[in-house]
Amino acid sequence: LCFPQKLWKMLESGQFQSIWWSEGGKCVAINKDLFTEEVLGREGQQVFHTQKIRSFMRQLNAYGFTKMQQNFQRSASLPEFLSEEAAISAHSQILYYYNPNFNRARPWLSETCKRR
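Position numbers for residues count from 1 along each chain, tracking the sequence in the order it is written. Where local features are concerned, this predicted model is filtered to residues with pLDDT of at least 70; where side-chain atom pairs are given and counted, the filter is 80 or more; whole-chain, interface and lining totals use all residues. With hydrogens and water excluded, all non-hydrogen atoms of the structure serve as input to the side-chain values.

- Identification of the protein as HSFY1 protein from Thryothorus ludovicianus is taken from an unreviewed UniProt entry.
- You can read under Sequence similarities (unreviewed entry) in the UniProt record for the protein the words "Belongs to the HSF family."
- UniProt positions are given in the numbering used here, feature names are shortened, and annotations may be inferred rather than shown by experiment. Per UniProt, the comment on the protein under Subcellular location (unreviewed entry) is "Nucleus".

## Concerning the nonpolar core
- Judged by nonpolar contacts, the single largest core of 25 residues is most densely connected at L7, I19, F35, F56 and F102.
- For this core, the elements supplying multiple residues, two or more each, are helix 1 (3–13), strand 1 (19–22), strand 2 (27–31), helix 2 (32–40), helix 3 (53–62) and strand 4 (94–98).
- Whether two residues touch is decided by their heavy atoms; if any such pair falls within 4.5 Å, the residues are in contact. Apart from the residues within four sequence positions on either side, F102 is in contact with P4, L7, W8, L11, W21, G25, K26, V28, F65, S110 and C113. Only buried residues count toward a nonpolar core, which is a set of Ala, Val, Leu, Ile, Met, Phe, Trp, Tyr and Cys residues joined through side-chain atoms within 4.5 Å. Working definition: with a 1.4 Å probe on protein chains only, accessible area under 20% of the residue-type maximum means buried, over 50% means exposed, and in between means partly exposed. Numbering goes from the N terminus for both helices and strands, where a helix is a DSSP run of H or I of at least four residues and a strand is a run of E of at least two.

## Side note on helix 3
- Taken as a whole, helix 3 has its buried residues at I53, S55, F56, M57, L60 and A62.
- Elements in contact with the buried residues of helix 3: helix 1, strand 2, helix 2 and strand 4.
- Note on helix 3: the residue one or two positions beyond its end, G64, has a positive phi of about 90°.

## Things to note about the sheet that holds strand 2
- As summarised here, the arrangement of the 4 strands in space is 1-2-4-3, forming an open sheet in which the pairing is antiparallel. At either end of the open sheet lies a strand with only one pairing partner, and these are strand 1 and strand 3 (66–68). Within this sheet the neighbouring strands show an average axis-to-axis angle of 35°, counted without direction.
- In the sheet, strand 1 pairs with strand 2 via 4 bridges, with the strands oriented antiparallel. Paired with I19 across the strands is I30, a residue of strand 2.
- Between the N-to-C directions of two axes lies an angle of 0 to 180 degrees, each axis being a line fitted to C-alpha atoms and, for a helix, fitted only over the stretch in contact. Strands in contact with helix 1 are strand 1 and strand 2; relative to strand 1, the strand with the most contacts, it is inclined by about 85°.
- Its contacts with the sheet place helix 3 against strand 2 and strand 4, and it is angled at close to 20° to strand 4. Two strands pair if DSSP finds at least two bridges between them.

## Details of the packing of aromatic side chains
- Each Phe, Tyr or Trp ring (for Trp, its six-membered ring) is paired with any other whose centre lies within 6.5 Å, and the angle between the two planes then decides the class: stacked below 30 degrees, edge-to-face above 60, tilted in between. Applying the stated criterion across every chain, the model contains 9 aromatic pairs.
- Taken together, a centroid distance of 5.5 Å and an interplanar angle of 55° make the contact between F3 and F56 tilted. Taken as a pair, F3 in helix 1 and F56 in helix 3 lie far apart in primary sequence, 53 residues in all. One exposure class covers both F3 and F56, and it is buried.
- On the numbers, 5.2 Å between centres and 80° between planes, the contact of W8 with F102 is edge-to-face. A residue pair is termed long-range when its members are at least 10 positions apart, and W8 in helix 1 and F102 in the segment after strand 4 qualify at 94 residues. F102 carries the same exposure label as W8, and that label is buried.
- By way of ring pairs, the aromatic residues F3, F35, F48, F56 and Y63 are connected into one cluster.

Here it is, written out as structure tokens:
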């Protein structure tokens, strides 16, 4: 299977906690640390031909995926701001990638994801 097909199969399997559909099936969400351990660190049963998250992200970019930024509204009060900072810090381990041709509601479009 090519990279987009492997990625699709992984997302649909429900077998992994580190990667899932986000934003109504329009984005791929990846918990960076957990993905590195759960998917890339697998012994014997590698899904992708790499053990490094940077190489995996380069593959995403090569197939037209772009990293999405999450915008957070900040509070004016110091206690609320500090608690929001802690939540955002934990959330920063989650990466979001978007490709217009990789959409859960339109699986046939994934066939048009070609390496650049």
